[in-house]
Amino acid sequence: APYYDDEGNLQAQLYGGYAKVLENGLADVTNLRIDVYQNDRVALTIFAPHCFTQVVGGDGAKSLIVFSDGDVLIEMTEMSIIGQGFRFSSTDNRFEILRDSKVLLKESARKMEEIEL
């Protein structure tokens, strides 16, 4: 399921192995993958075995919310992040891991000039 901003730009693309639509636009999703776009390219990919999604708002100001108490993996070019429980909002492209997060830097991140390790 694609999600676009108000200007028609692709913000996120959601994939799921199975989805069950519940009340109030809430969906129970297994084997979730979300590709988050920035400047027309995938900036990061989120993986979760189980979560809930919901589109909230109205009158053209819709926002996508994705949340779970379970495992999550975020893959980026420079690093991977794992943790337990998460919440994602497309309003500000904010992704929050709720607990037990760990950041794994990839070798390419160590070579970035603007970061001192």
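Nothing here was measured: the structure is a model prediction, and the numbers come from that model. All residue numbers refer to positions counted from 1 along the written sequence of the respective chain. The predicted origin of the model limits local features to residues at a pLDDT of at least 70 and limits the giving and counting of side-chain atom pairs to 80 or more, whereas totals for whole chains, interfaces and linings rest on all residues. Only heavy atoms go into the side-chain values, all of them from the structure, while hydrogens and water stay out.

**Re the overall build of the protein**
- Note on conventions: DSSP H or I runs of at least 4 residues are helices, E runs of at least 2 residues are strands, and numbering of each starts at the N terminus. Counting secondary structure elements, the protein contains one helix and eight strands.
- Traced from its N-terminal end to its C-terminal end, the protein shows the element sequence β-β-β-β-β-β-β-β-α.
- Exposure classes here rest on a 1.4 Å probe applied to the protein chains alone. A residue is buried below 20% of its type maximum, exposed above 50%, and partly exposed in between. Taken over 117 residues, the protein has a buried fraction of 29%.
- Any two residues having at least one pair of non-hydrogen atoms within 4.5 Å are treated as being in contact. The contacts of the protein with a sequence gap of at least 6 include a subset with a gap of at least 24, amounting to 35%.
- Each accessible area value is a Shrake-Rupley result obtained with a 1.4 Å probe; residue values ignore everything except the protein chains displayed when judging cover. Here the protein displays about 7600 Å² of accessible surface, and carbon together with sulfur accounts for 48% of that area.

**What to know about the pattern of salt bridges**
- Think of a salt bridge as a Lys or Arg side-chain nitrogen and an Asp or Glu carboxyl oxygen that are within 4 Å of each other. A full pass over the atoms with the stated rule returns one salt bridge.
- Taking the shortest distance from any N to any O, the salt bridge between D35 and R33 comes out at 2.8 Å.
- We classify R33 as partly exposed; its relative accessible area is 30%.

**A word on the nonpolar core**
- Only buried residues count toward a nonpolar core, which is a set of Ala, Val, Leu, Ile, Met, Phe, Trp, Tyr and Cys residues joined through side-chain atoms within 4.5 Å. Core analysis: the largest hydrophobic core is formed by 18 residues, its most contacted members being L14, L32, I34, V66 and F86.
- At the level of elements, β2 (10-15), β4 (26-38), β5 (41-56), β6 (63-75) and β7 (79-89) are the ones that each hand at least two residues to this core.
- Ignoring sequence-local partners within four residues, the contact set of L14 consists of A1, L32, R33, I34, T53, L64 and V66.

**A short note on unusual backbone geometry**
- Even without being glycine, N31 reaches a positive phi, approximately 50°.
- Within the secondary structure layout, N31 lies in strand β4.
- Residue N31 is classed as exposed on the basis of its relative accessible area, which comes to 54%.
- Positive phi values are uncommon outside glycine, yet N39 reaches one of about 55°.
- By the secondary structure assignment, N39 is in the loop between β4 and β5.
- Given the relative accessible area of 72%, N39 is considered exposed.

**What about the pairing of strand β8 (residues 94-105)?**
- Pairing between β7 and β8: nine bridges, direction antiparallel. Within the sheet, the bridge partner assigned to Q84 lies in β8 and is R99.
- Where β7 folds back on β8, the antiparallel hairpin that results is connected by four residues, among which N93 adopts a positive phi of roughly 50°. By this definition, two strands are paired if DSSP reports at least two bridges between them.

**Some details on the environment of G85**
- Here G85 is to be found in strand β7.
- Considering only alpha carbons, one finds G85 and D71, 14 residues apart in sequence, at a separation of 6.1 Å.
- Beyond its immediate chain neighbours, meaning those up to four positions away, G85 contacts S68, D69, G70, V72, E96, I97, L98 and R99.

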